[in-house]
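Observations on chain architecture
Listed below, chain by chain, are the residues.
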Amino acid sequence: MTTAKELTLYQRSGAYIPRVAAVHDLCGYGNCSLGVAIPVLSAAGCDVCPIPTSLFSAHTGFPVFHMHDTTSMLDDYLDAWDQEGVELDAIYSGFLGSAEQVGVIERLYREHPTALRMVDPVMGDNGRKYSTYSDEMCEATGRLVEGADVLTPNLTEASILTRIPYEGQDVSDAYVTRMMDALLDRGAKVVVIKGVARNDGLIRNFVAGQDVDLDKTSGERLPFLLHGTGDLFASGLLAAIMCGRSLRDAVGFAGALVHDAMVVSREQPHYQQRGVSFESVLGEVTDLLR
């Protein structure tokens, strides 16, 4: 067994710019998904290649939004990539528009077998599935657990994937470990359970792997919630990994990035509806390249 501090999942080579396929939705208004992944990973010196799983007028935290499912175009989209000989160093998936899109991600895995696989199973929060997610979609998303190099669920998503009943946020280490063990048993190589917010003023992120001892990082818990923080955490985590940081350092970096962005967000108009404002802390991401 090794420690998260010792494990590096990607070795950056000189001036090479790694190419990351970001399989997420795109929102016209509200910070989340591709609107977060593209700038964060770009700031880390990555070439971000978006695969839009759906188009939203605004994220689902708004009472009114329009969604367009892009499933019908994705095979042609990837066929064109094949003809151009696109090569990928990482495949990073998040919110999906349909159960069929899991097959699109599996196609990417087959065609790019050496790419790092990061799965953020964006299905719900606070004990509830998102309104656009059906049981069929959750079941299909579960197929991505096996073989994931990094899997980043919150407690709600871990509960959906493991069928371990959701018990809220103020849970014991043993409860979190039970969920992580179940996900590792399903074939994930590394699991990061993010945003465990106990009633002690701290928020914790847990990490463990098939060959990695359990570890956790913690930081100040701010007294409010924001849409898009999960996307920012996962994108910050992958940014640090693609810059060659150790797994533990990457988890710690992602947690600190979310905290700092939330502090900035609180000063913005309509921040609780608009979502996480990360733009002015992107310098923390570019510092990863130093």
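Bear in mind that the values here come from a model prediction, so they are computed numbers and not experimental data.

1. Remarks on the side chain of Arg198
With respect to the helices and strands, Arg198 occurs in the loop between strand 9 (190-197) and strand 10 (202-209). Side-chain polar atoms of Arg198 contact the backbone oxygen of Val171, separated by 2.7 Å. In contact with Arg198, other than residues within four places in its own chain, are Gln169, Asp170, Val171, Ser172, Asp173, Arg204, Phe206 and Arg221.

2. As for the UniProt feature "domain: Pyridoxamine kinase/Phosphomethylpyrimidine kinase" (unreviewed entry) in the protein chain
As annotated in UniProt, the feature "domain: Pyridoxamine kinase/Phosphomethylpyrimidine kinase" (unreviewed entry) corresponds to residues 72-263 in the numbering used here. In this annotation, residues 72-263 is assigned 43% helix and 20% strand; the end-to-end C-alpha distance for the span is 40 Å.

3. Details of helix 7 (residues 229-242)
Taking 1.5 Å of rise per residue, 14 residues should cover 20 Å, and helix 7 covers 20 Å from first to last C-alpha, within 8% of that figure. Among the 14 residues of helix 7, 12 are classified as buried, and the element is accordingly described as predominantly covered. Residues of helix 7 that are buried include every one of Asp231, Leu232, Phe233, Ala234, Ser235, Gly236, Leu237, Leu238, Ala239, Ala240, Ile241 and Met242, and no others. Of the residues flanking the end of helix 7, it is Gly244, one or two places downstream, whose phi is positive at about 85°.

4. Some thoughts on the pairing of strand 2 (residues 47-56)
Most of strand 2 is tucked away, with 7 of its 10 residues classed as buried. Pairing analysis gives 8 bridges linking strand 1 (residues 19-27) to strand 2, with the strands arranged parallel. Its bridge partner lying in strand 2, His24 is registered against Pro52. Crossover handedness for the path strand 1 to helix 1 (residues 34-43) to strand 2: right-handed. Alignment of strand 2 against strand 3 (residues 67-69), held across 3 bridges, turns out to be antiparallel.

5. Considerations on helix 8 (residues 247-265)
Compared with an ideal rise of 1.5 Å per residue, which puts 19 residues at 27 Å, helix 8 spans 27 Å between its outermost C-alpha atoms and is within 8% of the ideal. Turning to helix 8, its buried residues are Leu247, Ala250, Val251, Phe253, Ala254, Leu257, Val258, His259, Ala261, Met262 and Ser265. Tucked inside the fold, the buried residues of helix 8 contact strand 9, strand 10, strand 11 (212-220), helix 7, helix 9 (271-274) and helix 10 (282-286).

6. Topic: the packing of aromatic side chains
Centre distance and the angle of the planes are the two values used to describe a pair of aromatic rings. Inspection of every chain in the model, using the stated rule, returns 6 aromatic pairs. With centroids separated by 5.5 Å and ring planes inclined at 55°, the aromatic side chains of Tyr29 and Phe62 adopt a geometry described as tilted. Of this pair, Tyr29 sits in the loop between strand 1 and helix 1 while Phe62 sits in the loop between strand 2 and strand 3; the two residues are 33 residues apart in sequence, bridging distant segments of the chain. By relative accessible area, which is 40% here, Tyr29 ends up partly exposed. What makes Phe62 buried here is its relative accessible area of 11%. When the ring of Tyr77 is compared with that of Trp81, the centres are 5.6 Å apart and the planes differ by 45°; the resulting orientation is tilted.

7. Regarding the pairing of strand 4 (residues 90-93)
Residues Ala90 and Tyr92 point to one face of strand 4 and Ile91 and Ser93 to the other, with burial holding for every one of them. Bridge count between strand 1 and strand 4: 4 bridges; the pairing is parallel. Bridging from a neighbouring strand, Ala22 pairs with Tyr92 of strand 4. For the crossover that starts at strand 4, traverses helix 3 (residues 101-111) and ends in the parallel strand 5 (residues 116-119), the hand is right-handed.

Thresholds applied
Counting restarts for each chain: residues are numbered from 1 in the order of the written sequence. Under the rules for a predicted model, residues below a pLDDT of 70 receive no local features and side-chain atom pairs below 80 are neither given nor counted, while totals for whole chains, interfaces and linings still include all residues. Computation of side-chain values: all heavy atoms of the structure, hydrogens and water removed. Only DSSP runs of H or I covering at least 4 residues are called helices, and only runs of E covering at least 2 are called strands; the numbering of each starts at the N terminus. Polar contact is the term for a pair of N or O atoms within 3.5 Å; when the atoms are in protein, one must be able to donate a hydrogen and the other to accept it, and sequence-neighboring residues count only if both atoms are side-chain atoms. Any pair of residues with heavy atoms lying within 4.5 Å of one another is described as a contacting pair. UniProt positions are given in the numbering used here, feature names are shortened, and annotations may be inferred rather than shown by experiment. Take the number of residues in a helix, subtract one, and multiply by 1.5 Å to get its expected span. Throughout this description, buried means an accessible area under 20% of the type-specific maximum (1.4 Å probe, protein chains only), exposed means over 50%, and partly exposed covers the range between. By definition, two strands form a pair when at least two bridges between them are found by DSSP. Every crossover in which the path from the first strand over the helix to the second runs clockwise, viewed with the strands pointing away from the viewer, is termed right-handed. Only rings of Phe, Tyr and Trp enter the pairing, Trp through its six-membered ring, and a pair is recorded when the two centres are within 6.5 Å. The plane angle decides the type: under 30 degrees is stacked, over 60 is edge-to-face, the rest tilted.

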